[in-house]
Amino acid sequence: MTTVRTGTDTDTDTDAQLKELAEQAGRDLEDASAQEILQWAADTFGRRFCVTSSMEDAVVAHLASRALPGVDVVFLDTGYHFPETIGTRDAVEAVMDVNVITLTPRQTVAEQDAEYGPKLHDRNPDLCCALRKVAPLEQGLTAYRAWATGLRRDESPTRANTPVVGWDAKRRKVKVSPIARWTQDDVDAYVSEHGVLTNPLLMDGYPSVGCAPCTRRVLEGEDARAGRWAGSAKTECGLHG
Ligand code: SF4
């Protein structure tokens with residue numbers, strides 16, 4: 001599938017104008033449905049809007065494809081993913097009306113090991129995430145003016161104030177979080193109603209799926225993200241900071 005970039009009015013907006021637009025939309029759309037929020041993003045930014053997906057599930061990609069068929073779905077292939085995550089990416093690409101774009105880091109894992117030593121994720125996960133997630137995403141998002149994420153307020157205290165539409169000052173983009181107000185039950189209901197693809201690891205003790213070296217199964221009663229960077233103070237990869 002090819003990617004066609006079409007101009008929108010927002011192409012010529014300044015950062016200040018886009019920020020104002022985002023903040024106003026955040027207020028106006030706070031009570032809107034996820035589908036309405038994504039329709040606003042699709043109508044406002046057209047092909048300059050994308051969805052990012054960790055391939056934990058394809059819920060936001062599915063919602064976005066209804067608003068903008070063929071929408072770009074950006075996936076960061078860190079080189080450390082579980083095979084199930086890559087399989088989910090391939091299935092999404094095969095069966096959904098989306099254009100999957102896979103971003104890879106500047107270095108392969110072997111090249112990174114040669115420069116920084118093996119298992120950088122164990123010794124300096126912030127640097128590893130910066131090299132393998134943050135930098136590729138920043139480069140990959142340059143073609144867009146707005147991006148959507150699957151962040152939810154109930155996932156962790158650091159995400160409790162996520163706006164449904166806000167200004168991402170770090171990347172100078174409009175950031176759309178259409179399911180910010182959803183609960184896990186809402187996600188499960190949408191998956192079930194629409195037969196949305198999900199990562200098989202979700203049914204195998206991993207309610208949150210990241211890179212294999214930094215993700216473990218969660219125990220009974222633990223927070224959904226407790227298996228991410230377990231044993232360290234790290235809770236986020238830097239993509240949403
Ligand atoms: Fe590296 Fe772990 Fe971050 Fe993946 S989650 S980029 S393996 S530190």
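Everything quoted here is computed from the prediction, not taken from an experiment.

## Quick word on the side chain of threonine 85
Along the chain, the position of threonine 85 falls in helix α4 (residues 83–95). Not counting residues up to four positions away in its chain, the partners in contact with threonine 85 are Ser54, Met55, Phe75, Asn199 and Val209.

## Considerations on the UniProt feature "binding site: [4Fe-4S] cluster" (unreviewed entry) in the chain
Under the UniProt annotation, "binding site: [4Fe-4S] cluster" (unreviewed entry) lies at Cys128, Cys129, Cys211 and Cys214. A compact arrangement is adopted by the annotated residues: their sequence extent is 87 residues, whereas the largest C-alpha distance between any two is 11.0 Å. As for its position among the elements, cysteine 211 is in the segment after α8 (184–194). Using a relative accessible area of 11% as the deciding quantity, one classes cysteine 211 as buried. Sequence-distant contacts of cysteine 211, that is, excluding residues within four places in its chain, are made with Thr78, Tyr80, Phe82 and Lys133. One can find cysteine 214 in the segment after α8.

## A closer look at the sheet that holds strand β6 (residues 173–176)
With respect to topology, 6 strands assemble into an open sheet ordered β3-β2-β1-β4-β6-β5, the strand pairing being mixed. Two strands lie at the open edges of the sheet, namely β3 (98–103) and β5 (165–168), each paired on one side alone. Ignoring strand direction, the axes of neighbouring strands in this sheet form an average angle of 30 degrees. In the sheet, β5 pairs with β6 via 4 bridges, with the strands oriented antiparallel.

## Notes on the site of the ligand
With respect to spatial proximity, 10 residues lie near the ligand, and among them Tyr80, Cys128, Cys129, Cys211 and Cys214 are the closest. If you tally residues by element for the shell around the ligand, the top one is helix α7 (residues 125–140), at 5 residues. Residue composition of the shell around the ligand, by class: 7 nonpolar, 1 polar and 2 charged.

## Thoughts on the confidence of the model for the chain
On average, residues of the chain carry a pLDDT of 91, and 93% of them reach 70 or more. Across residues 1–8, where pLDDT falls below 50, the model places 18 contacts with residues more than four positions away in sequence or in other chains.

## Focus: the pattern of salt bridges
As a working rule, side chains carrying opposite charge can pair if their charged atoms are close by. The full count for this structure, using the stated rule, is 10 salt bridges. A salt bridge links arginine 89 to aspartate 90; its shortest N-O distance comes to 2.7 Å. You can call aspartate 90 partly exposed: its relative accessible area is 38%. Among the salt bridges present, the one from glutamate 138 reaches arginine 171, with a minimum N-O distance of 3.6 Å. Here the residue glutamate 138 occupies a position in helix α7, and arginine 171 occupies one in the loop between β5 and β6, the gap between them amounting to 33 residues. Note on glutamate 138: relative accessible area 31%, which makes it partly exposed.

## Remarks on the environment of valine 187
Take valine 187: it is sitting in helix α8. As a C-alpha pair, valine 187 and glutamate 30 span 157 residues in sequence and 18 Å in three-dimensional space. When residues no more than four places from it in sequence are discounted, the contact partners of valine 187 are Asp57, Val59, Arg152, Ile179 and Trp182.

Conventions and cut-offs
- Residues numbered from 1 in each chain as written.
- Predicted model: local features only at pLDDT ≥ 70, side-chain atom pairs only at ≥ 80, totals over all residues.
- Heavy atoms only, no water.
- Helix = DSSP H or I, 4+ residues; strand = E, 2+ residues; numbered from the N terminus.
- Contact = heavy atoms within 4.5 Å.
- UniProt positions renumbered as here; feature names shortened; annotations may be inferred.
- Buried < 20%, exposed > 50% of the residue type's maximum accessible area, 1.4 Å probe, protein only.
- Pairing = 2+ DSSP bridges.
- Axes fitted to C-alpha atoms, helices over the stretch in contact; angles between N-to-C directions.
- Near = heavy atom within 4 Å.
- Nonpolar A, V, L, I, M, F, W, Y, C, P; charged D, E, K, R; others polar.
- pLDDT = per-residue confidence, 0-100.
- Salt bridge = Lys/Arg side-chain N within 4 Å of Asp/Glu carboxyl O.

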